[in-house]
Amino acid sequence: MSEQFNKEDADRTAAEWRYIITDMICRAGSGHIGGALSLVEIMHTLYYRIMKVDPANPAWSGRDRLVLSKGHAAPVLYVALAYKGFFPAAWLGTLNANGTKLPSHADARTVPGIDATTGSLGQGLSVACGMAKSAKISGGKNSVFCIVGDGECNEGQNWEAALFAAHNKLDNLVAVLDYNKLQIDGFTADILGLEPLTDKWKAFGWEVFEIDGHDWDEVCDALQKAIAVKGKPAMIVAHTIKAKGCGAVEGKAESHNIRIPDQAAYDLYMGGLEIQEMALPY
Amino acid sequence: MNNLHDMEMRTVYATVLNELMDNNPDVMCLEADLSKASGTNPTVVNQHPDRFVNAGVAEANMIGIGAGLAIEGRIPFCATFSCFASRRVYDQIYLSVAYANTNVKIIGTAPGITQGPNGGTHMDFQDIAILRAMPNMHVYSPADPYELRAMIRHMAASKQPTYMQLVRGQVAPVFDETHTFDPERAVMMREGSDVTLVSTGYMTAFAVEVADVLAGEGVSVEHLHYPSIKPFDAERLVASARKTGGVVTVENQSIIGGLGGAVCEVLGERCPTRIKRLGVPDQFGEVATEQYLFDKHGFGPKHIAAACRELATTGK
């Protein structure tokens, strides 16, 4: 639910999230830091200014849904949910530990507040279509949000879902595309070009917004406008920077999945962050 | 409901599903441009257009939509040809259904050689094997219209991710109105002492005939029908194998990994027994008649009978 927004506070929280995400991944020894850090402002805006959710009742039927189709960005979702109070923040220190409730990819089976289990790319937008279709049948007023990756758009299933959402006029579906221009093997433009990306979504029948995914106002404004779209689904193409805030790998393809074998690597990744110290909740 | 006895199996599927939709607003019908082949068009299309979803020729998306609907508490039945409902969408079923534990019902129509004139590109002999290997999946294959009806009703009432084969045409009834379905239980079709004959789905009606013929020859066949290949009723198989000492399996599938595979796994560990698996050997399908394919691959009635005679005399 929307809360009073203060940009300085939000900047501070975003810096904390980046610190925690990096620390979680470093403790785990490896992890998908790039695609998690590129989503910080988007995820914060969703949970603090846009989505109707109830941490005390994660299954509340009237809640807005979120499908993190790029499930490898789970650490940023875990941090958002912990900050909102869906589960104890102490869990964050258990990322990928044996027996953890917080695995590398988003898992609705173990994590309160996660609506769909994801990890195999390309499937989340279809699942979100099913959720949105269900709400249409029952007259539910909730929105269904889905975050897809740019590399993920290589998967053909996304485009099947794109056709379906438009054909079925799923105007309760809002997708956000984390366009950080990088995938595992390099630049998206070099691996399998997506451009003209906004034109593609428009041609598929979606209302498309194009924003700076790190600008608080642009993110919030686009989400509000996307929710208000009638008669068709909405796509927000958010230009982002992979691993934003982690100086060692910011904007580099190798940030997709980093390995932290020793203290030197830990110091390298933590050293490039905006804040250098904070009390961790775990 | 009309008399099931002479109905095509797809008509039974559509009729029962339509009844379930009449009574439960959460039951849904999903198709991928094969609704006429599945039988749900026009019955469900006309009577429940609000809960009929045609995903188009996009099976992967259909499975994902089913998962999303199931997350919202709905009970989606997603149908397409078995080749597309299994091998084409294996990863979608694996992650969005089985791993995520979403209550999706997947209907694989025209299994095995019943694909007929669509031939080798469409004949899927592996769906039972590959879906049986997936954790948290139930895998069913009904023998006749009465079992199909009981099975669909069971599926709608359970929260179990499930794959079911559906032959489209008529199948000779082997049960009656009183038949019930329990996924934990194999069905004792005939008690015997010389050889155990294990069948599932489409082949069970043939196996019933064979057992009758062999009884006239003095060969006592114990016939077990497995409507559920997973879960698999191991106890009844082991007890029968101990009694007869020889087991013949027959299925409208590859002999690798399906019903025959399940039987070998159980008996290999618990009761080593001489076994003959009948079905399609490690080969693709082709455009051909049923008789041609039975003869080519050796799993028609005469081959079942021959295998039973052999195991009955040499199995012990």
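Scoring rules and cut-offs
Residues numbered from 1 in each chain as written. Chains lettered and ligands numbered in written order. Predicted model: local features only at pLDDT ≥ 70, side-chain atom pairs only at ≥ 80, totals over all residues. Heavy atoms only, no water. Helix = DSSP H or I, 4+ residues; strand = E, 2+ residues; numbered from the N terminus. Buried < 20%, exposed > 50% of the residue type's maximum accessible area, 1.4 Å probe, protein only. Contact = heavy atoms within 4.5 Å. Lys, Arg positive; Asp, Glu negative; His and termini not counted. Charge placed at Lys NZ, Arg CZ, Asp CG, Glu CD. Areas by Shrake-Rupley, 256 points an atom, 1.4 Å probe, with all protein chains shown as cover. Disulfide = S-S within 2.5 Å. Core = buried A, V, L, I, M, F, W, Y, C linked by side-chain atoms within 4.5 Å. Domains from an automatic or database assignment. Salt bridge = Lys/Arg side-chain N within 4 Å of Asp/Glu carboxyl O. Nonpolar A, V, L, I, M, F, W, Y, C, P; charged D, E, K, R; others polar. Phe/Tyr/Trp six-rings, centres within 6.5 Å; stacked < 30°, edge-to-face > 60°. Buried area = accessible area lost by both parts, 1.4 Å probe. Polar contact = N/O pair within 3.5 Å; in protein donor to acceptor, adjacent residues only side chain to side chain. Pairing = 2+ DSSP bridges. Axes fitted to C-alpha atoms, helices over the stretch in contact; angles between N-to-C directions.

### So, the overall build of chain A
Counting its secondary structure elements, chain A contains 10 helices and 9 strands. Each of the 282 residues in chain A was classed as buried or not, and the buried ones make up 58%. Put simply, 76% of the contacts in chain A that link residues at least 6 apart link residues at least 24 apart. Where the 26 positive side-chain charges of chain A centre and where its 34 negative ones centre are 7 Å apart.

### A look at the overall build of chain B
Looking only at helices and strands, chain B features 13 helices and 12 strands. C-alpha extents for chain B along the principal axes are approximately 60 × 40 × 40 Å. Taken across its 316 residues, chain B has 63% of its residues classed as buried. Restricting to contacts in chain B with at least 6 residues of sequence separation, those with at least 24 account for 78%. For chain B, the accessible area works out to roughly 11200 Å², and carbon and sulfur atoms hold 49% of it. Separation between the mean location of the 26 positive side-chain charges and that of the 35 negative ones in chain B comes to 3 Å.

### Brief notes about the state of the cysteines
Residues and elements named next belong to chain A. Under the criterion given, the structure shown has 0 disulfides over all chains. Between Cys-246, a free cysteine, and Cys-26, which holds the nearest cysteine sulfur, the sulfur-to-sulfur gap is 7.3 Å. The exposure class assigned to Cys-246 is buried, which follows from its relative accessible area of 0%.

### Some points on the nonpolar core
A:Leu125, A:Leu173, A:Trp201, A:Trp206, A:Met235, B:Ile93 and B:Phe232 are the most contacted members of the largest nonpolar core, which has 73 residues in total. Broken down by element, this core gets its largest block of residues, 7 residues, from helix α4 (residues 59-71) of chain B. Taken domain by domain, this core gets at least three of its residues from each of domain 1 (9-166) and domain 2 (187-314) of chain B. Each residue touching A:Leu125, except ones within four places of it in the same chain, is listed here: A:Ser69, A:Cys146, A:Val148, A:Asn158, A:Ala161, A:Ala162, A:Leu173, A:Ala175, A:Trp201 and A:Trp206. Formed by 69 residues, the second largest nonpolar core is a distinct cluster that contains A:Ala15, A:Ile20, A:Ala36 and A:Ile50.

### A short note on the interface of chain A and chain B
In this complex, chain A contributes 23 residues to the contact, which on the side of chain B involves 24 residues. Between chain A and chain B we count 1 salt bridge in total. A:Arg65 is the salt-bridge partner of B:Glu72, the closest N and O atoms lying 2.5 Å from each other. Put simply, the parts of the chain that give the side of chain A that touches chain B at least two residues each are α5 (124-138) and α6 (156-167) of chain A. A breakdown of the residues in the side of chain A that touches chain B according to their chemical character gives 7 nonpolar, 10 polar and 6 charged.

### With respect to the packing of aromatic side chains
Scanning the model with the defined rule gives 13 aromatic pairs over all chains in all. Where B:Phe206 meets B:Phe294, the ring centres are 5.2 Å apart and the plane angle is 85 degrees; that geometry is what we call edge-to-face. A residue pair is termed long-range when its members are at least 10 positions apart, and B:Phe206 in helix α9 (residues 204-217) and B:Phe294 in helix α12 (residues 290-297) qualify at 88 residues. There is no split in this pair, since B:Phe206 and B:Phe294 are both buried. Put simply, the rings of A:Trp159, A:Trp201, A:Phe204 and A:Trp206 touch in pairs and so form one group of aromatic residues.

### Some points on the domain arrangement of chain B
Residue and element names in this part refer to chain B. Structurally, chain B comprises domain 1 (9-166) and domain 2 (187-314). Listed by partner, the interface residues are 30 residues for domain 1 and 33 residues for domain 2. Across the domain 1/domain 2 interface, buried area totals approximately 2100 Å², and carbon plus sulfur atoms make up 58% of it. Of all residues in domain 1, the largest losses of buried area upon contact with domain 2 belong to Ile-113, Phe-125 and Arg-132, amounting jointly to 37% of the total for that side. At the boundary of domain 1 with domain 2, the tally comes to 1 salt bridge. Glu-265 serves as the salt-bridge partner of Arg-132, at 2.7 Å between the closest nitrogen and oxygen. There are 14 residue pairs in polar contact (both at pLDDT 80 or more) connecting domain 1 and domain 2. For the side of domain 1 that touches domain 2, the elements supplying multiple residues, two or more each, are α7 (127-132), β5 (138-140) and α8 (145-157). Per-element tally for the side of domain 1 that touches domain 2: the top contributor is α7, with 4 residues. Tallied by class, the residues present in the side of domain 1 that touches domain 2 amount to 15 nonpolar, 11 polar and 4 charged.

### Remarks on the sheet that holds strand β7 (residues 207-212) of chain A
Residues and elements named next belong to chain A. Spatially, 5 strands are ordered β2-β3-β4-β8-β7 in an open sheet, and the strand pairing comes out parallel. Looking at strand neighbours, the two that pair on one side only are β2 (65-68) and β7, the edges of this open sheet. Within this sheet the neighbouring strands show an average axis-to-axis angle of 20 degrees, counted without direction. In this fold α5 packs onto β2, β3 (144-149) and β4 (173-179), with an angle of close to 170 degrees to the strand it touches most, β3. Of the strands in this sheet, β3, β4, β7 and β8 (234-239) touch helix α9 (residues 216-228), which is tilted by about 170 degrees from β7.

### Notes on helix α4 (residues 74-84) of chain A
All names here are of chain A. The buried fraction of α4 is high, at 10 of 11 residues. Listed as buried for α4 are Ala-74, Pro-75, Val-76, Leu-77, Tyr-78, Val-79, Ala-80, Leu-81, Ala-82 and Lys-84. Turning to α4, the residues buried within the fold contact α1 (7-28), α2 (34-37), α3 (40-50) and β2. Just downstream of α4 lies Gly-85, where phi reads positive at about 95 degrees.

### So, the pattern of salt bridges
All names here are of chain B. Scanning all chains against the criterion turns up 27 salt bridges over all chains. The closest approach of N and O atoms between Glu-19 and Arg-153, which form a salt bridge, is 3.7 Å. Of the two residues, Glu-19 is situated in helix α1 (residues 9-23) and Arg-153 in helix α8; the sequence distance between them amounts to 134 residues. Arg-153 gets classed as partly exposed once you look at its relative accessible area, which sits at 39%. The partner of Arg-149 in a salt bridge is Glu-177, and the shortest N-O contact between them spans 2.6 Å. Of this pair, Arg-149 sits in helix α8 while Glu-177 is found in the loop between β6 (162-166) and β7 (187-190), placing the two residues 28 residues apart along the sequence. Its relative accessible area of 9% is what places Arg-149 among the buried residues.

### Regarding unusual backbone geometry
Residue A:Pro196 is reached from A:Glu195 by a cis peptide bond, and omega for that bond is 0 degrees. Assignment of secondary structure puts A:Pro196 in the loop between α7 (188-191) and α8 (197-203). Geometrically, the link from B:Asn41 to B:Pro42 is a cis peptide bond, its omega value of 20 degrees lying close to zero. Tracing the backbone shows B:Pro42 in the loop between α2 (35-38) and α3 (43-47). Notably, A:Ala243 is not glycine yet its phi reads approximately 60 degrees, a positive angle. Secondary-structure assignment places A:Ala243 in the loop between β8 and β9 (258-259). Under the relative-accessibility criterion, A:Ala243 is labelled buried at 0%.

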